[in-house]
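Residue-level structure breakdown
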Amino acid sequence: MLELFLMLLTSTAPTPMSSTVADRVDLVEVNHYHDKQGQKVFDQLIFYDWSRQEKRFQVRDWRLIKSDRQLPRRDHRTNEYRIRWHDEGVLREVLAHAQRETWTQYDPELLERAYLPQDQRTSLSSISSLATRAEAD
């Protein structure tokens, strides 16, 4: 009887959800923002998608770079750039078709809000999408 109970318990237990959130973008920018005196203010990753309608790259999302481990690495097998970092307790992975690095005295992401406001952007997948995906499985 105990064996049957354990078998039923394990067959109805929820499966553990994946701990990786993955996205694809067209371009990732490593931006080094400096003030007017040339002092570093911050480094950030800016994720872009190509807009066929606007015929330009539009910001999808951005993240501050907190360590060198967040820098894009080229995957020579797929010819894409892979960015991985821990985000709210899960592993986030973004694949980009292209990468560029810039040094500016302005914040490119902030300027892009004039073209596409933050609330109209398609952001990176939310962490809560893991739970939704796990429930669907």
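As a starting point, this report considers the structure included with it. Everything numeric here is computed off the predicted structure, so don't read it as measured data.

1. Observations regarding the side chain of Gln44
Along the chain, Gln44 falls in strand 2 (residues 40–51). Relative accessible area serves as the criterion here: at 1%, Gln44 is assigned to the buried category. At a separation of 2.9 Å, a polar atom in the side chain of Gln44 contacts the side chain of Asp107. Beyond its immediate stretch of four places on either side in the chain, Gln44 contacts Glu29, Val30, Asn31, Trp62, Arg63, Leu64, Ile65, Asp107, Pro108 and Glu109.

2. What about the pattern of salt bridges?
For the structure shown, the criterion picks out 15 salt bridges. Ionic pairing is found between Asp23 and Arg60, a salt bridge with its closest N-O pair at 3.2 Å. Placement of Asp23 in strand 1 (residues 20–34) and of Arg60 in strand 3 (residues 56–64) is noted, with a sequence separation of 37 residues between them. Exposure class is identical for Asp23 and Arg60. Each is buried.

3. Topic: the packing of aromatic side chains
Within the structure shown, the criterion is met by four aromatic pairs. Ring plane angle 75° and centroid distance 6.4 Å describe the contact between Tyr48 and Phe57, whose orientation is recorded as edge-to-face. By way of ring pairs, the aromatic residues Tyr48, Trp50 and Phe57 are connected into one cluster. Over the aromatic face of Tyr115 sits the side chain of Arg56, whose NZ or CZ is 4.0 Å from the ring centroid. In this arrangement the basic side chain of Arg100 is found over the ring face of Tyr48, its NZ or CZ atom lying 5.1 Å from the centre.

Analysis parameters
- Residues numbered from 1 in each chain as written.
- Predicted model: local features only at pLDDT ≥ 70, side-chain atom pairs only at ≥ 80, totals over all residues.
- Heavy atoms only, no water.
- Helix = DSSP H or I, 4+ residues; strand = E, 2+ residues; numbered from the N terminus.
- Buried < 20%, exposed > 50% of the residue type's maximum accessible area, 1.4 Å probe, protein only.
- Polar contact = N/O pair within 3.5 Å; in protein donor to acceptor, adjacent residues only side chain to side chain.
- Contact = heavy atoms within 4.5 Å.
- Salt bridge = Lys/Arg side-chain N within 4 Å of Asp/Glu carboxyl O.
- Phe/Tyr/Trp six-rings, centres within 6.5 Å; stacked < 30°, edge-to-face > 60°.
- Lys NZ or Arg CZ within 6 Å of the ring centre and 35° of its normal.

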